[in-house]
Amino acid sequence: MCGICGQYNFIRNEPVVPDTIRRMTESVRHRGPDDEGYFISGSLGLGFRRLSIIDLAGGHQPMSDAEETVWVILNGEIYNFKELRADLENRGHRFRTKSDTEVIIHGYKEWGTEVLNRLNGMFGLAIWDVKEKRLVVARDAMGMKLIYYRIANGQLTFGSEIRAMLAAEDSKPEVDPVALNLFLRFRYTPSPLTIFEGIRKLAPGTMLILEGGQYREERWYDYTPTPFSSPKEDEEATHELLELYRGAVRRHLLSDVPVGILLSGGIDSGLLLALMNEEGGPWPAYSIGYGKSFEDDELTDAAETAKILGARHVPVKLDRAEFERSLPKIVECLEEPIAASSIVPMYFVSQRARQDVKVALIGQGPDELFGGYKRHLGVHYGDWWRWLPAVIRSSVSFVVDRLPRNETLKRGVSSLGTLDRMKRYQDVFSLAPAGIIDGLFRGDILPNRNGHELVNYWHSLIPQMAHTDELGGFQLLEVRSSLPDELLMYADKLSMAHSLEVRVPYLDRTVVEYVQRLAAGFKVRNGSRKWLHRRVCERYLPSHILKRKKRGFAVNVVDDWFQSSLNGQLQEMLLDESSLMFGLLNPKPVRRLLEGHQSGRQDNHKLLFSLVMIEQWLRGAGVDGKLVAPPVFHGSPL
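Residues numbered from 1 in each chain as written. Predicted model: local features only at pLDDT ≥ 70, side-chain atom pairs only at ≥ 80, totals over all residues. Heavy atoms only, no water.

Colleague: Which parts of the structure should I look at to understand the pattern of salt bridges?
Modeller: Summed over the entire model, instances satisfying the criterion amount to 47 salt bridges. Where Asp268 meets Lys530, a salt bridge forms, and the shortest distance between an N and an O atom there is 2.9 Å. Placement of the pair is Asp268 in helix α8 (residues 267–277) and Lys530 in the loop between α21 (509–515) and α22 (531–537), with a sequence separation of 262 residues. Lys530 matches Asp268 in its accessibility class, with the two residues each being buried. Three or more residues are tied together by salt bridges with common partners; here these are Arg31, Lys145, Glu161, Arg163, Glu335, Asp492 and Lys493. (Salt bridge = Lys/Arg side-chain N within 4 Å of Asp/Glu carboxyl O. Helix = DSSP H or I, 4+ residues; strand = E, 2+ residues; numbered from the N terminus. Buried < 20%, exposed > 50% of the residue type's maximum accessible area, 1.4 Å probe, protein only.)

Spelled out as structure tokens, the structure:
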């Protein structure tokens, strides 16, 4: 796990400035405190910071073949590199290290860019083909690792984090109003946009290719799930999924340094710990909690799971004062605003885990793959709603619209009535209708637009949805968009702020591609969510754990803190017309959102949290465009 960066003057072929590459590399030192390396040759410069995980002695980068015809920098892990290495050795390739990075070098020499489709792992990488003068920059299929880039004046600048690009230039980037609008709708900025004008991020499964003075962006991962030719029996599917889980966990435990798990009180991380036990242990398990005064605290649940499964439980306690105090600095770590209340607990549990281990597994993925959220019920049963006579739908909608609060239900009823599939999915993802979000902006800020920018960015995914049912199509977009650009993005940034590598076994390509071929009935059945996944869990976890309330990292507690804080400092941000956000937004509709929330008529806390995150971001990293290395707190809340 590492930080990578680079610059390429691909049109004029002017030499890069070595000091620029060194500044870029130094800006991501936190991602790789163990080693650094450079490759500078004429118009190309590559920089690398290493967090040593595999082949501690031989994994120095940038890495090349013996003839120095292909150079690679890699941020990530390739979990099937041993199998690929054996294949390549049979084809005559000779290896000099035991590193997974070297597999990419020889794989590229054998298969070209098709090597990307053979990799099972998480990665952001760059490949320099010396003979062809071709640079390939790519992001992994599931989007677990990020690649940001800027192309201007015939020059490509790229890196694992935005701060690498800002370190390369003196200019201060501006806020992209279209990206800000999408952030307020979805709580994250979808690829390929970033909150910065002119800085983009590769979408999952895409690559940049620069050669011959030109560049193009292509989707290298175009897996199109098709239903199994013979419908799966329940027991057959349960057994197959379990075996895929076992293989994924075995691969993700490959490491030459200590490994642990970030453990919640729920079934996903509980099953993950049980599967880890089949490969060894006991494992250290790190959990976040919020004190005995909170009924929703899950430290007790996580401790019980750890005890049952024989793990060494390490609790991390967080209080409201620390939540409010740490929020601005954590926003700075993220570089882009993310309106997820679990960012604070994620930061602190990663900080504590890094004191003992360099690698931690997390249980992210089953909710998106198997329909674990309430929105999945609406999407799955949405056809029933659209089949109802218009007069019935209209009457129900009329009643729902007049309910106090219940904004989620209101949005669901409205969005599921949309006939166009892609626009319907976009509406389900939205925190509020496009008209409300547009109305927050000053009149001259937004360009002429149709309100469906995200649909446009999803357009290249439509062929992959050709054989999916309604729920499967929605979930494919989740795995390609909201999951990598929100949840996996902040997991990467907040763990790597402490030089901790986080791995996500449930998002192993073998698992994802299998589940995407299953019919919706294996995910949502008789109103029960995550049906098949829970069948596997039943083989390892006692029934009382299976019946626990879904909480993640006790997100409900943090949401409660935030809502309480709307009566204090955070409220002042939303009411103070000198707040930086009001250079872009209109104070009056923001004030109406706050008043509607505080009166009890509406539940606007998610949208208000998004506005607070924007203000925090503008006051910190975003307002002057200077992002330094992430702040590390001394004295974690234990």
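Let's pick the thread back up.
Colleague: I'm lost on the packing of helix α11 (residues 343–353) against helix α20 (residues 470–496) in this one. Help?
Modeller: A pair of packed helices is characterised by two quantities: the angle between their axes and the separation of those axes. Orientation of α11 relative to α20, taken along the N-to-C sense of each, is 40°, at an axis distance of 8 Å. Comparing the axis directions of α11 and α20 gives the class oblique. Taken as a pair, α11 and α20 cross one another with a handedness that is right-handed. On the side of α11, the interface is formed by Ile343, Met346, Tyr347 and Ser350, while α20 contributes Tyr490, Ala491, Leu494 and Ser495. Partitioning the contact of α11 with α20 into residue classes produces 6 nonpolar, 2 polar and no charged. (Axes fitted to C-alpha atoms, helices over the stretch in contact; angles between N-to-C directions. Parallel < 35°, antiparallel > 145°, perpendicular 65-115°, else oblique. Left-handed = near helix turned anticlockwise from the far one by under 90°. Contact = heavy atoms within 4.5 Å. Nonpolar A, V, L, I, M, F, W, Y, C, P; charged D, E, K, R; others polar.)

Colleague: Just checking my understanding: could you explain unusual backbone geometry for this structure?
Modeller: Peptide bonds are trans in most cases, and residues, glycine excluded, mostly fall at negative phi. At the junction of Gln61 and Pro62, the peptide bond is cis and its omega measures out at -5° in the coordinates. Among the structural elements, Pro62 can be located in the loop between β3 (44–50) and β4 (63–64). Residue Pro192 is bonded to the preceding Ser191 through a cis peptide linkage, with omega at 10°. Mapping Pro192 onto the fold places it in the loop between α6 (177–186) and β10 (200–201). For Lys133, which is not glycine, the phi torsion reads 50° and is therefore positive. For Lys530, which is not glycine, the phi dihedral falls at a positive 55°.

Colleague: Mind showing me how you'd approach the confidence of the model for the protein here?
Modeller: For residues with low pLDDT, the predicted coordinates do not support detailed interpretation. Of the residues in the protein, 87% reach a pLDDT of 70 or more, and the chain-wide mean stands at 88. The low-confidence segment residues 622–626 (pLDDT under 50) makes 8 contacts with residues lying over four places distant or belonging to another chain. Counting interchain partners and residues more than four positions distant, the pLDDT-below-50 stretch residues 631–638 has 24 contacts. (pLDDT = per-residue confidence, 0-100.)

Colleague: Help me understand the sheet that holds strand β8 (residues 148–152) in this model?
Modeller: Picture the strands of a sheet paired through backbone hydrogen bonds; they go either parallel or antiparallel. Spatially, the 6 strands line up as an open sheet ordered β2-β3-β1-β9-β8-β10, and their pairing is antiparallel. Among the strands making up the open sheet, the edge pair consists of β2 (35–41) and β10. With 7 bridges joining them, β2 and β3 adopt antiparallel strand pairing. Each residue of the ladder has a partner; that of Gly37, found in β3, is Phe48. Seen against the sheet, helix α1 (residues 18–27) touches β1 (2–9), β2, β3 and β9 (155–159) and runs at an angle of roughly 25° to β3. (Pairing = 2+ DSSP bridges.)

Colleague: Is there a simple way to explain α8 in this structure?
Modeller: Since there are 3.6 residues in each turn of an α-helix, residues three or four apart along the chain are aligned in direction. In terms of burial, α8 is largely enclosed, as 10 of its 11 residues are buried. Considered for burial, the residues of α8 that qualify are Ile267, Asp268, Ser269, Gly270, Leu271, Leu272, Leu273, Ala274, Leu275 and Met276.

Colleague: Can you help me understand the sheet that holds strand β12 (residues 214–219) in this one?
Modeller: On the basis of which strands lie adjacent, the open sheet formed by 6 strands has the order β4-β5-β6-β7-β11-β12 and antiparallel pairing. Only two strands of the sheet have a single neighbouring strand rather than two, namely β4 and β12. As paired strands, strand β7 (residues 134–139) and strand β11 (residues 206–211) are joined by 4 bridges and run antiparallel to one another. In the strand pairing of β11, Val136 is matched with Ile209.

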